[in-house]
Amino acid sequence: MVTEREHASRPEAHAEALACSAVGVSAILASMAFVTSPVFVGRTEELGRLLGVLERAEGGQPAVGLVAGDAGVGKTRLLSELADRATVRGTRVLVGGCLEVGDVGLPYVPFADAFRDLGTHPGEADLAAPLVAAVRSLGRLLPTVASQPAPSPPGDGFEQLQLFDGVLSLLVRISELAPLLLVIEDLHWADRSTRDLLAFLVRTLRSGRVALVASYRSDELHRRHPLRPLLAELLRVPDLERIELSPFNRAELVQHLEAVAGQRPPAAAVDRILARSEGNAFFAEELVAAGAIQTDVALPDALADLLLDRIEGLSDQAQEVLKVAAVAGRRVGHELLAAAAARPEPELERALREAVAGQVLVADPATESYRFRHALLQEAVYVDLLPGERSRLHATYARLLADSGPAAELAWHCLASHDLPGALAALVRAARDAIAVAAPAEAYRHLTDALDLWDRVPRPAEVAGVDRVAVLLRAAEAANSAGEFRHAAALARAAVGEIDAHADPSRAAVAHERLAHYLLDVWSETTEAEAVAAGRRAVELVVGEPPTALRARVTAGLARALANTRHYEEARRWCDEALAVARAAGSDDDETNALVTLATLQQYQGGDTAAARAMLRDAAARGAAAGNRFLELRALHNLGVLESDAGNLDASYAALDAAAEVAERSGLVLSGFGLDTRALRCIVHYMAGNWDQSERLAVAVDDRTTTTAPAVSAVALFVEVGRGNPRASERLERLRVMPEEDPWAIYVGNGCGADLARWQGDPERSAELARKTLARIEAERDEWALSGIWPAALGVAAEADRAERARAAGDQAAVAAAVASGRDLTARARRRMARALELERQVGPEARAWLARAEAEAARLEGRADPDRWAAVAEAFAYGYVYEEARSRWRLAEALLAAGRRDDAQVAAKAAHAVAVRLGAEPLRAEVEALARRGRLDLGLDAPEPGAEAAGLTRRELEVLRLVAAGRSNGQIAETLFISRKTASVHVSNILGKLGVHTRTEAAAAAHRLGLDDGG
C-alpha cells in the first residue's frame, strides 16, 4: 500500500504536482488504496459545530472553521461528511488539499485544486469570466474558465494583492448563486503564498454566503513551523470555530472497527487495537488490515515506515536517545532515562529538546517525565532496534529498577533480557501491587505469566517467596474478579489437585471453598452441581469443634451454593450453623457473608421482605465498615434485586447504582456480582421508564464484558426492541453463538427475541422462543413465580396473534392449534403461581402483573375483547413498570372500542401514546396511532400525509384505502375499523371517486403511487 506521506515525499511527486496542480491533487490521493470505514462514526458535536459555521454562511454572514488533530485521527472523514451534508442542503462545495512540498514553489496548490471544476455548474462561468479577464493571474487558478494561457504567478506585492482580491470577489460572486463551502485540507503543508491568501480571505470576507473551513495536523507543528504565525492570527478572529479532533473513545472505536471489518469485533480484539492505536482511526484501520481482530499482530511494515519517517528526520543523537526511551515503554522519567542513556546531561537535553520540538516526545513538567506522542511511535522505534540492542537496554533498565522500581516494569525488563528468576520474583510482586490498587485483570496476567515461568526457574518457590498452590489460588481469585470465571475455576481445580488433603486439610478446605465460589459464577447445571460437591468437601475437611473462622467460612460457602441451586431447606440449616460458628469465633466477615445468604432465603423461601431488607442493609453497612468490598457489593446487589422484586423500582436502582460504584472503586466491575449489578440496573431503569439512562448503562456493560463472562450485554435488547432499533436483530444473532447454559442469552435473549418477533409480525417465532425459555426454567425446577409466568405470558400473547391472523384468513385448523397451545401456556402460568403460593414463596407485583397479562391474552386468544381484564393488567403494572402499563392501555383501548366505549378508549389510547412518544417506543406508538385511525380516536396528531391531502382523502378514508390496498373485503374493513359494513362500503365508493379509479385494484395501485399503502 502506498501511503499519502510516502507518495508526497518521493522526488517524482513534485513533478507530478507541478504538471497537474490545476487538474487536482485530489485525483492523486483518490488513486491510493486505504482500508477505511464507509460509516461516519461519532463526531456528533464536532459536526454540529461545523454545520453551525455553514448555517451562519447560509444566512449571509461569512464564517470560518479550523479543524486540528493528529495525523489519521479522522479530520478528512469529518470534512467529507460536512461536504456531503452541505451538498444535500444545496451548498456549492469546493475542496482543495495542500501537498508536502513546503516553500519550494507550487504556490496556491489547494486553491487550484479546489477551483478545478469551477465553471461547470450553471452560471459560474458567466460570473467568473469577467474576473479572469480583469485579473489575468486568476486564470492560473481557473484553467477551465480562462480563455488563454495564464501568466506566471504574481511577481510583486501589487500583482499578488490583485490576485487575492480577485479570489475574494470570485468567492463572493459564486455565493450569489448558492451558499459556498470552501475546504482547504492539510494546511500544515501550505506554501507561503497559500498561507498569505488564506489570511487575506479570513481578514477581508465581510459579505457573501461563504463558509471557509481549513484543517491541519497538530502533531506536525514543531516550535518553528511556518504555520504557527498564521494560526496565532486566525485564533484572534471573532467567532472563528476551532475544533480539536480527539481520537475515538472505546464505544466509537467499536463502531468504527465493526464498519471496517463488517462484523462486531470481540472485546479482547477491541482492547488490543485500542491500546495500540489509542483511538486513532487510521492506525486502527491499518491494524485491522494486518489481522489484529483475529490475533495480536506485528506492526504493519507500511505503518511502521510511515511512523519512522518522522523519527528519521531527527539528528543521530536524538534518534539514539529515542531508542533508549522506547525500551522503557510509552513513558519514562527523566532520571531513569538519563541513567539508562549514560550520556552527558547537555547532550541528552539537546536530543530531548529536538525530539519534543519534532512532536515525537511530549514533556510533562509535573512528573518530570517524557512520553511518546503516540503508542505506535514508541512501538515503531522499539521494533526497529536490533535484538542485541534491545536485550542490552532491557538489562540496563532491569538493573536500574531492581531495588525500588515498579515491579511490573521490572518484570517486563527481566523477561526481555532473559533473566527468568528475576522475572518470576518481580511478577509475583507485581501481582500483589496490582491487587493493592484494585486492578485484578493486571494481577491475573502477572500471575499466569509467573505460572508459565514456574518450571523454567530453579527452586521457583524460593525465588517467588510463595509455593505454586498459593500462586494458583491468587491467580484464580484475580481471574474471578476480572470476569474470567471459567479460568478461575480451572486454576482452583489445579490448586485442589496439588494439595494433599490428609497432610493439610485446612488448606484443602480453603481451595475447595474457593472452587465452589468460582463455579457459581460460571452459570451452568454441571458447574452448579460441582459447586455443591466442592462446598460439601470443604465442610468435610474442617472439624466442627471448636468453632473456627474457617468452619464458618466453609459452612457459609456451602449454604450459598445450596441456595443458588434451590436447595433452600438444607441451605438454611447450614446458614444457621455458619452464623452461630462465626459469632462464636468472632469472624465478622464470615457472619456478614452468611447474613446475606440468610436474607436471600428469608425473601424467597419465607416471603418476609421486610426482614430480608433489614438483613441486607445491615450486611452492606458491615461490609463497608470492615472494608470488605466484595461483601458490601454482594449485599447491595441482593438488596437491589429484593427491591425490584418487591416493586420498589426507585429503591432498587438506588441500591444497584451504589453497588456499581462499589464495584468500580474496588476493581470488581467484571466480577460476577459486578457484571450482574450493571446489567440488572439497566433492566430496572428500563422498567422505571428511564430508557435513555438504561441505554447509556447498557453501552457501558457492553464495553466492559469479557469473552468468558455471561452475555450480560443482552440487557441492551430491552430498549433496542422497545424502540424498534435495527441493532436488536444483530444483537440477537450474536447471542445465538453463546453457550446454551448462559442464562442471559436464554432469559433475556429469548424473552426479548419473542417480543421482537411479535413486533415484526412473526408470532410463530415468538411462541417458539417463549416455549423454549419456559421449558428450560421448568427443567431446572426453578419455582420462582416470575421466571415461569413471564415467558408463559409472552407465549400466550403470540398464540393470540396467531389466532387473530388465522380467523381473518378463515383458517379454522390454525385457529384451533393456536388456541390449544395458548390454553396450555395459560394453564402453566396459573400452576406456577399456585405452586409459589403453596410453598409460601415470595410473589412480587411483577409476577402478578404478568399473570394478569396472560389471563387477558387468553381472552383475546378465544376471540373475546375483555376491557375489565386489560384494565386489571394496566393497574397491575402501574406499580412502576411504565412501558408494560402503556402496552396494556393500548390493548385496553382496543377492547373498549370493540365494546363501543369510544370515550374511554380515547382516554386509554392517549395515555399509551404519550408514554410511547416519551420513551421513543416506535413500534408501540405506531400501533396506538393505527388503532386511533381505525377507531377515529383523537390523539392530537398532525394532519394526514401530503399524498392523502392531495387526493382529498380524510383520515378515515386513508385508513380504509390502506386496508383496500392490503386486499381486505368490506366486511373485514368494517371489523378492523369498528364500523358497519354499510359505512365501509360508502367509504370505499368515496375513495374510488376521489382517486378517479373504478376498481379496488386500481385504488391499490394509486395508493402505492401516492405512497399511502404503508401499514395497511
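Basis of the calculations
Residues numbered from 1 in each chain as written. Predicted model: local features only at pLDDT ≥ 70, side-chain atom pairs only at ≥ 80, totals over all residues. Heavy atoms only, no water. Helix = DSSP H or I, 4+ residues; strand = E, 2+ residues; numbered from the N terminus. Expected span 1.5 Å × (residues − 1). Buried < 20%, exposed > 50% of the residue type's maximum accessible area, 1.4 Å probe, protein only. Salt bridge = Lys/Arg side-chain N within 4 Å of Asp/Glu carboxyl O. Pairing = 2+ DSSP bridges. Axes fitted to C-alpha atoms, helices over the stretch in contact; angles between N-to-C directions. Phe/Tyr/Trp six-rings, centres within 6.5 Å; stacked < 30°, edge-to-face > 60°. Lys NZ or Arg CZ within 6 Å of the ring centre and 35° of its normal. Contact = heavy atoms within 4.5 Å. Core = buried A, V, L, I, M, F, W, Y, C linked by side-chain atoms within 4.5 Å. Left-handed = near helix turned anticlockwise from the far one by under 90°. Nonpolar A, V, L, I, M, F, W, Y, C, P; charged D, E, K, R; others polar. pLDDT = per-residue confidence, 0-100. Patch = residues over 30% accessible without salt bridge, like charges linked within 9 Å, V, L, I, M, F, W, Y side chains within 5 Å. Areas by Shrake-Rupley, 256 points an atom, 1.4 Å probe, with all protein chains shown as cover. Lys, Arg positive; Asp, Glu negative; His and termini not counted. Charge placed at Lys NZ, Arg CZ, Asp CG, Glu CD.

## Some remarks on helix α40 (residues 785-809)
If you check α40, its first and last C-alpha atoms are 36 Å apart, about what 25 residues at 1.5 Å a residue would give, namely 36 Å. Counting buried positions over the 25 residues of α40 gives 19, a clear majority of the element. Within two residues after α40, G810 carries a phi angle of roughly 75 degrees, on the positive side.

## Notes on the pattern of salt bridges
According to the stated counting rule, one finds 67 salt bridges in the structure shown. Between E959 and R962 there is a salt bridge; the shortest N-O distance is 3.5 Å. Here the residue E959 and the residue R962 both occupy positions in helix α48 (residues 955-965), the gap between them amounting to three residues, near one helical turn. E959 sits in the buried class, given a relative accessible area of 5%. For R962, a relative accessible area of 6% gives the class buried. Members of the salt-bridge network, linked through shared partners, are D755, R758, D801, E804, R853, E857, R860, E884, R887, R891 and E894.

## Remarks on the sheet that holds strand β6 (residues 331-333)
Spatial ordering of the open sheet is given by β6-β8-β7, a layout of three strands whose pairing is antiparallel. Two strands lie at the open edges of the sheet, namely β6 and β7 (361-364), each paired on one side alone. Between one strand axis and the next, the sheet turns through 25 degrees on average, direction left out of account. As paired strands, β7 and strand β8 (residues 369-372) are joined by four bridges and run antiparallel to one another. Each bridged residue has a counterpart across the sheet, and for V362 the counterpart in β8 is R371.

## Re the environment of L393
If you trace the backbone, L393 turns up in helix α19 (residues 387-401). The spatial distance from the C-alpha of L393 to the C-alpha of V327 is 6.7 Å, given a sequence separation of 66 residues.

## Considering the packing of aromatic side chains
By convention here, two paired aromatic rings are described through the distance between centres and the angle between planes. Tallied over the full model, the rule gives 14 aromatic pairs. Centroid distance Y382 to W412: 6.2 Å. Interplanar angle 35 degrees. Geometry classified as tilted. Placement of Y382 in helix α18 (residues 375-383) and of W412 in helix α20 (residues 407-416) is noted, with a sequence separation of 30 residues between them. An aromatic cluster of at least three residues, connected via ring pairs, comprises Y686, W691, F718, W850, F877, Y881 and Y883. The side chain of R891 reaches across the aromatic face of W890, ending 4.1 Å from its centre.

## A word on the sheet that holds strand β1 (residues 63-69)
Taking strand neighbours across the sheet as the criterion, the five strands line up as β2-β3-β4-β1-β5 in an open arrangement whose pairing is parallel. If you trace the sheet from one side to the other, it starts and ends with β2 (92-97) and β5 (241-244), each paired once. On average, each strand axis in the sheet is inclined to that of its neighbour by 15 degrees, with strand direction left out of account. Pairing geometry for β1 and β5, over four bridges, is parallel. Its bridge partner being in β5, V67 is matched across the sheet by I243. Sheet strands touched by helix α4 (residues 44-58): β1, β3 (180-185), β4 (210-217) and β5. Its angle to β5, the strand with the most contacts, is close to 160 degrees.

## Some thoughts on the nonpolar core
One recurring pattern in soluble globular proteins: nonpolar side chains tend to sit buried together. Counting residues in each nonpolar core, the largest one holds 95 residues, and the members touching the most others are L424, L491, V554 and L633. With residues up to four places along the chain from it excluded, the contact list for L633 reads A659, V662, A663, L668, S671, F673, G674 and T677. Of all hydrophobic cores here, the second largest spans 78 residues; its members include I683, V715, A849 and A895.

## Description of the packing of helix α39 (residues 763-779) against helix α41 (residues 812-838)
Helix-helix packing: each pair is described by the crossing angle between the helix axes and the interaxial distance. For the pair α39 and α41, the least separation of the axes is 13 Å and the interaxial angle reads 35 degrees. Between α39 and α41 lies a crossing of left-handed hand. Side by side, α39 and α41 meet where R771, L774, A775, I777 and E778 of the first sit next to S821, D824, L825, R828 and R832 of the second. Partitioned by chemical class, the residues of the contact of α39 with α41 number four nonpolar, one polar and five charged.

## Considerations on the confidence of the model for the chain
For the chain, per-residue confidence averages 85 on the pLDDT scale, and 89% of positions sit at 70 or higher. In this model, residues 706-710 is a region of pLDDT below 50 whose contacts with residues beyond four sequence positions or in other chains number 19 contacts.

## Describing the environment of L656
Assignment of secondary structure puts L656 in helix α33 (residues 649-666). Taking the relative accessible area as the measure of exposure, L656 reaches 1% and is therefore buried. In this structure, the C-alpha to C-alpha distance between L656 and L639, residues 17 residues apart in sequence, is 7.9 Å. For L656, the residues in contact, after removing those within four places along its chain, are H637, G640, T677, L680, R681 and V684.

## Here's the deal with the environment of G166
In this fold, G166 is placed in helix α8 (residues 157-177). Taking C-alpha positions, G166 is 9.6 Å from A128, a pair spaced 38 residues apart along the chain. The contacts of G166, once residues within four sequence positions are left out, are L131 and L138.

## A few points about a positive patch on the surface
A grouping of R223, R224, R228 and R353 is seen on the molecular surface, where their side chains present a positively charged patch. On the secondary structure map, R223 appears in the loop between β4 and α10 (227-234). Residue R223 is classed as exposed on the basis of its relative accessible area, which comes to 59%.

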